[in-house]
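So you can see what is in the structure, the chains are spelled out below.
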Amino acid sequence: MFLAVGSLLRLGRGVTVRCAPGAPVEATRRPAPALPPWGLPWYSSGAAPSNSAPKGRGEVHRVPAQHKPSQFDKEILVWTGRFKSVEEIPPRVPPEMIDTARNKARVKVCYIMIGLTIIACFAVIASAKRAVEHESLASLNLAKKAKLREETALAAQAKAK
């Protein structure tokens, strides 16, 4: 045990320590508020919604923050299977829906790239096997040297004349 000076110390979520000067420390735990599994909602006005009804005509209603999807976002939402067509997409959707669709699209693009890489590997292997059968670097090099010798011999004969 240790002695603390002060009256209140918060140690984390739901844990509060109360102590009087010179008295031993005693910890109390208050229950955490029940949260939905996805966390607290964000609101476009920056504040949490009030439980009271709107009082005046000019008061702004607090609604969860929404995002207006671009044409590219709409195509991603359709491609990932969230909506059947572009016309079904509402004018405003939650940002989490767009983030989820983008993540699914990233995964699909990665799978496509993996498939194309494997196909390209097999194409390179097939072309290399064909090249080994008909033409090798050694045979190409010998043919190139023979051609250069012919050209130098013709140049020497032309100079001698």
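Criteria and thresholds
Residues numbered from 1 in each chain as written. Predicted model: local features only at pLDDT ≥ 70, side-chain atom pairs only at ≥ 80, totals over all residues. Heavy atoms only, no water. Phe/Tyr/Trp six-rings, centres within 6.5 Å; stacked < 30°, edge-to-face > 60°. Lys NZ or Arg CZ within 6 Å of the ring centre and 35° of its normal. Helix = DSSP H or I, 4+ residues; strand = E, 2+ residues; numbered from the N terminus. Contact = heavy atoms within 4.5 Å. Salt bridge = Lys/Arg side-chain N within 4 Å of Asp/Glu carboxyl O. UniProt positions renumbered as here; feature names shortened; annotations may be inferred. Buried < 20%, exposed > 50% of the residue type's maximum accessible area, 1.4 Å probe, protein only. Arc of directions from axis to C-beta. Patch = residues over 30% accessible without salt bridge, like charges linked within 9 Å, V, L, I, M, F, W, Y side chains within 5 Å. Areas by Shrake-Rupley, 256 points an atom, 1.4 Å probe, with all protein chains shown as cover. Core = buried A, V, L, I, M, F, W, Y, C linked by side-chain atoms within 4.5 Å.

Take the packing of aromatic side chains next. For the structure on display, the rule yields zero aromatic pairs. The aromatic ring of F83 is capped on one face by R82, whose charged end is 5.9 Å from the ring centroid. The side chain of K108 reaches across the aromatic face of W79, ending 5.0 Å from its centre.

The subject of this paragraph is the environment of A101. Looking at the element boundaries, A101 is found in helix α2 (residues 95-134). In the structure, A101 is positioned 19 residues away from R82 in sequence and 7.5 Å away in space, judged by C-alpha atoms. Other than its neighbours up to four places away in sequence, A101 contacts I76, L77 and T80.

The next subject is the pattern of salt bridges. Two side chains carrying opposite charge are able to pair once their charged atoms lie near each other. In this structure the tally under the stated criterion is one salt bridge. Its salt-bridge partner being R102, residue D73 comes within 2.8 Å of it at the nearest N-O pair. Of this pair, D73 sits in helix α1 (residues 71-79) while R102 is found in helix α2, placing the two residues 29 residues apart along the sequence.

Within this numbering scheme, the UniProt entry marks residues 109-128 as carrying the feature "transmembrane region" (unreviewed entry). For the annotated span residues 109-128, helix accounts for 100% and strand for 0% of the residues, and the straight-line distance between the end C-alpha atoms is 28 Å.

Buried residues of α1: D73, I76 and L77, and no others. Across the axial projection of α1, the buried residues extend over an arc of 100°, all falling on one side. A positive backbone phi angle near 90° is found at G81, which sits one or two residues after α1.

Together, W79, V109, I112, M113, L116 and I119 make up an exposed nonpolar region whose accessible area comes to about 600 Å². Take the nonpolar patch: its biggest share by element is five residues, from α2. For L116, the location among the structural elements is in helix α2. Since its relative accessible area comes to 54%, L116 is described here as exposed.

This part covers the nonpolar core. Counting nine residues, the largest nonpolar core consists of I76, L77, F83, I89, V93, M97, I98, A101 and A105. Within the residue set of this core, elements represented by two or more residues are α1 and α2. It is α2 that contributes the most residues to this core, four residues altogether. Sequence-distant contacts of A105, that is, excluding residues within four places in its chain, are made with I76, W79 and T80.

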